[in-house]
Amino acid sequence: MEAATLATQAVEETDGSDDFLLWILVWSELAAFGLLLGAFLVASVLQIDQFAAARLHLNTPLAAINTAVLLTSGWQAALATSANASRNRARGALVRAALLGFLFVAIKLAEYSGEIGFAGDDAYGVFFELYFLLTGFHLMHVVFGAFVLLVVSVRAAPANTHLIATLWHTFDLIWIVMFPIVYLA
């Protein structure tokens, strides 16, 4: 099929009725993470010394690698939604996006293994409690999203691919905002 025919077919398969619920979900995710990041920022101002000491125990290079992994996964999700992507190419891109999402999870769990011992230590204030809450909440979203990417890859209809790719990019955006606030500030 020609690219124009595929694009027309994709438009016909989605009438936009699902978009409203998708954007409610996206904005609610952004609001929830915004509140958590706001709490993290307020606590970092109230406990400057403890947060500075706690950040010394984070594995920033590993988190930076994880950022690249997640952004590459987002790129694969974007490829799946391109107008000229055949169903097989979309499937492949969705599977690669999911596998990179699971790689993100594995790297994050390895990172956690070096940090979990500091949780609850009064010397670091509430840093690690907020850190694990914030990054763990994001991690659960990545696990869920990666599974949905795999489910959608089984039947990579353009409307479904568009929906999960949009949600996946939301998780990317959240991490891009979270990374400098948690690791670099």
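Cut-offs and rules
Residues numbered from 1 in each chain as written. Predicted model: local features only at pLDDT ≥ 70, side-chain atom pairs only at ≥ 80, totals over all residues. Heavy atoms only, no water. Patch = residues over 30% accessible without salt bridge, like charges linked within 9 Å, V, L, I, M, F, W, Y side chains within 5 Å. Areas by Shrake-Rupley, 256 points an atom, 1.4 Å probe, with all protein chains shown as cover. Salt bridge = Lys/Arg side-chain N within 4 Å of Asp/Glu carboxyl O. Helix = DSSP H or I, 4+ residues; strand = E, 2+ residues; numbered from the N terminus. Buried < 20%, exposed > 50% of the residue type's maximum accessible area, 1.4 Å probe, protein only. Axes fitted to C-alpha atoms, helices over the stretch in contact; angles between N-to-C directions. Parallel < 35°, antiparallel > 145°, perpendicular 65-115°, else oblique. Contact = heavy atoms within 4.5 Å. Nonpolar A, V, L, I, M, F, W, Y, C, P; charged D, E, K, R; others polar. Phe/Tyr/Trp six-rings, centres within 6.5 Å; stacked < 30°, edge-to-face > 60°.

The name that an unreviewed UniProt entry assigns to the protein is Nitric oxide reductase NorE protein, with the source organism given as Aminobacter carboxidus.

1. Observations regarding a nonpolar patch on the surface
Taken together, the side chains of Phe20, Leu21 and Ile24 make up a nonpolar region of the molecular surface, amounting to roughly 340 Å² of accessible area. Position of Ile24 among the secondary structure elements: in helix 2 (residues 17-46). By relative accessible area, Ile24 is classed as partly exposed at 44%.

2. Overview of the pattern of salt bridges
Taken as a whole and judged by the stated rule, the model has one salt bridge. The closest approach of N and O atoms between Lys108 and Glu111, which form a salt bridge, is 3.1 Å. Of this pair, Lys108 and Glu111 both sit in helix 5 (residues 87-115), three residues apart, which is roughly one turn of that helix. Residue Lys108 is classed as buried on the basis of its relative accessible area, which comes to 0%.

3. Points about the environment of Ala53
Relative to the helices and strands, Ala53 is located in helix 3 (residues 48-55). Relative accessible area serves as the criterion here: at 27%, Ala53 is assigned to the partly exposed category. The spatial distance from the C-alpha of Ala53 to the C-alpha of Pro180 is 16 Å, given a sequence separation of 127 residues.

4. Some details on the packing of helix 3 against helix 6 (residues 127-154)
In the contact formed by helix 3 and helix 6, the axes pass within 9 Å of each other and the chain directions differ by 60°. In this view, helix 3 runs oblique relative to helix 6, as classed from their interaxial angle. Contacts between helix 3 and helix 6 involve Phe51, Ala54 and Arg55 on the former and, on the latter, Phe127, Phe128 and Leu130. Each residue belonging to the contact of helix 3 with helix 6 can be placed in one class, and the counts come to five nonpolar, no polar and one charged.

5. Notes on the environment of Ile164
Inspection of the secondary structure puts Ile164 in helix 7 (residues 158-184). Residue Ile164 is classed as buried on the basis of its relative accessible area, which comes to 4%. If near-sequence neighbours (up to four positions away) are discounted, Ile164 is found in contact with Leu94, Gly145, Val148, Leu149 and Val152.

6. Here we look at the packing of aromatic side chains
What the rule picks out here adds up to 21 aromatic pairs. Each ring, one from Tyr124 and one from Phe128, has its centre 5.7 Å from the other, and the planes form 85°; the classification is edge-to-face. Side by side, Tyr124 and Phe128 carry an identical accessibility label, which is buried. Note on Phe128 and Phe132: the rings are 6.2 Å apart at their centroids and 35° apart in plane angle, and the pair reads as tilted. Taken together, the positions of Phe128 and Phe132, both in helix 6 and four residues apart, correspond to about one turn of that helix. Relative accessible area serves as the criterion here: at 1%, Phe128 is assigned to the buried category.

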